[in-house]
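A structural walkthrough
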Amino acid sequence: MDEARKDVPEWTADQVEKALSNGDSHKLIDVREKDEYREGHLPGAISVPRGFLDMQVEEVVPDKSTQLILYCAGGTRSLLAGRTLREMGYGDVVSMSGGYGGWKGSGHEWVKDFQFTPEQLKRYDRHFLLPEVGEAGQAKLLQSKVLLIGAGGLGSPAAYYLAAAGVGTIGLVDDDVVDMSNLQRQIIHNNDRVGMSKVQSARETINTLNPDINVVGYETRVTSDNIMDIIKDYDVVVDGCDNFPTRYLVNDAAVLSGIPNVYASIFRFEGQVSVFGAPDGPCYRCLYPEPPPPGLVPSCAEGGVLGVLPGTIGTLQATEVVKQLLGIGESLVGRLLLYDALEMRFQMIDVPKNPDCPACGTNPTLNTLIDYDQFCGTGAEAPAAEVPETTVTELKRRLDAGRAPFLLDVREPAETEIATIHAQLIPLGQLESRLEELSGHRHQEIVVHCRTGARSADAVRILQRHGFTGAINLAGGIRAWSEEIDPAVPVY
Ligand SMILES: [Zn+2]
């Protein structure tokens, strides 16, 4: 051994790590047996077991002046292998002391190659042909875990395609059973499954499609009490829920857990998709700081939904999930995709991160989950009751008569890109610091609007506190304007 050390200098794991991260021109060779290598190895290491060294090394490293860094399990085999290589004429050979065990023990990065079965090599062949996916990408998908909130309209196509693509673990949260009225769009279920739990029905469909997939079922509803525990093991969350309390809950839990949340919602002929909760990206609250008043937005069960619509939107979600898992392409982080099936129109709007966002802003105030039923207004008193109000009909009458009041919009800039009635914009979160811009209207009428009337009611209270005597809330917000006055203004 001492003889060998004379010819082959030894580097510690830290020294090797430094050389690797400097990107020096060297070759890193793992001289352990193949099965040891398969269990894990240094990133970028080439496997040449010691017994094959003299036969294979000249093929792998033809240039004998190349620096070779060798390692084995503990440091002995590589030292001896180094000596052999020196004898073969390689001029610069280094052995890592402590070997792979020492490397792992000092907390350095290691990797394990995925071993595909012959069936998997066939199944994922079309992915292997894409350099952006390839074997490494497919291995990543098979080792990924995606949690779907809801196995209904959106969850059906999303889960089905993710399973086909080989996303190895699919978690499904749904406490519902399959109903005949689901089958017009929830394609993961079928006639024979009516009455069966949706989780079980989806599991059977997925397993028939692709036995590689491990389906983890949660026959429950996500709540503030259980969601953190459920999502903690997943790489990505897919929000396919159909109600506001769950949507805010999923958003906040994803932000708190640092897990990207592929969001979508659908109604009648329209849908929207985005990716929230990514590092530096916005969240659902950045886009919609407040929920609509309870009862204002009908659910699909009340308002109907085109059967194909969730197929389109859920498949877009699955696309974003796969991109997110593989780290390829340009994701919907910071963008909201709007789809109108009747017009067959896609529209993209930017969603900036709101620095004042209570969940993901610069100084987040929301450090724990809250009561989302209460937040979304179940049982709460109508917040706009105590402030002076006007109606959209009255506003329209005055505009027509040429007696337009001063209009203030307290929504977020992204919302004005969707729909606007051309009011001056000061987002609610900035109102108190920007009151000077309104100083000319201190004792004049200011009609304040937001999306549905709740934020603008808060704005009226703020204005009143600061001595603005003529602040009035526009009841129902821009949504009421779209519905009652001008259908050309999009509802969102
Ligand atoms: Zn946010």
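The rules behind these values
- Residues numbered from 1 in each chain as written.
- Predicted model: local features only at pLDDT ≥ 70, side-chain atom pairs only at ≥ 80, totals over all residues.
- Axes fitted to C-alpha atoms, helices over the stretch in contact; angles between N-to-C directions.
- Helix = DSSP H or I, 4+ residues; strand = E, 2+ residues; numbered from the N terminus.
- Parallel < 35°, antiparallel > 145°, perpendicular 65-115°, else oblique.
- Contact = placed C-beta atoms within 7 Å.
- Nonpolar A, V, L, I, M, F, W, Y, C, P; charged D, E, K, R; others polar.
- Pairing = 2+ DSSP bridges.
- Buried ≥ 20, exposed ≤ 12 C-beta atoms within 10 Å, placed from the backbone.
- Right-handed = clockwise from strand over helix to strand, strands pointing away.

1. Here we look at the packing of helix α18 (residues 392–400) against helix α21 (residues 477–485)
Where α18 contacts α21, the axes come no closer than 9 Å and their chain directions differ by 70°. It follows from the interaxial angle that α18 and α21 lie roughly perpendicular. Contacts from Val392, Thr393 and Lys396 in α18 reach Ala480, Trp481, Glu484 and Ile485 in α21. In the contact of α18 with α21, the residues fall into four nonpolar, one polar and two charged.

2. What to know about the sheet that holds strand β16 (residues 424–425)
The five strands lie next to each other as β14-β18-β17-β15-β16, forming an open sheet whose pairing is parallel. Both edges of this open sheet fall to β14 (389–390) and β16, since each of them pairs with a single strand only. As paired elements, β14 and strand β18 (residues 471–474) share two bridges and run parallel to each other. Each residue of the ladder has a partner; that of Thr390, found in β18, is Leu474.

3. A word on the pairing of strand β7 (residues 169–173)
Among the five residues in β7, four count as buried, and that is most of the element. Bridge count between strand β6 (residues 145–149) and β7: five bridges; the pairing is parallel. In the strand pairing of β7, Leu147 is matched with Gly171. Taken together, β6, helix α10 (residues 155–165) and β7 constitute a β-α-β crossover, and its handedness is right-handed. In this structure, β7 lies alongside strand β8 (residues 214–218), joined through five bridges in parallel fashion. Among the inter-strand pairings, Gly171 is bridged to a residue of β8, identified as Val216. As a crossover connection, the stretch from β7 through helix α11 (residues 198–209) into β8 is right-handed.

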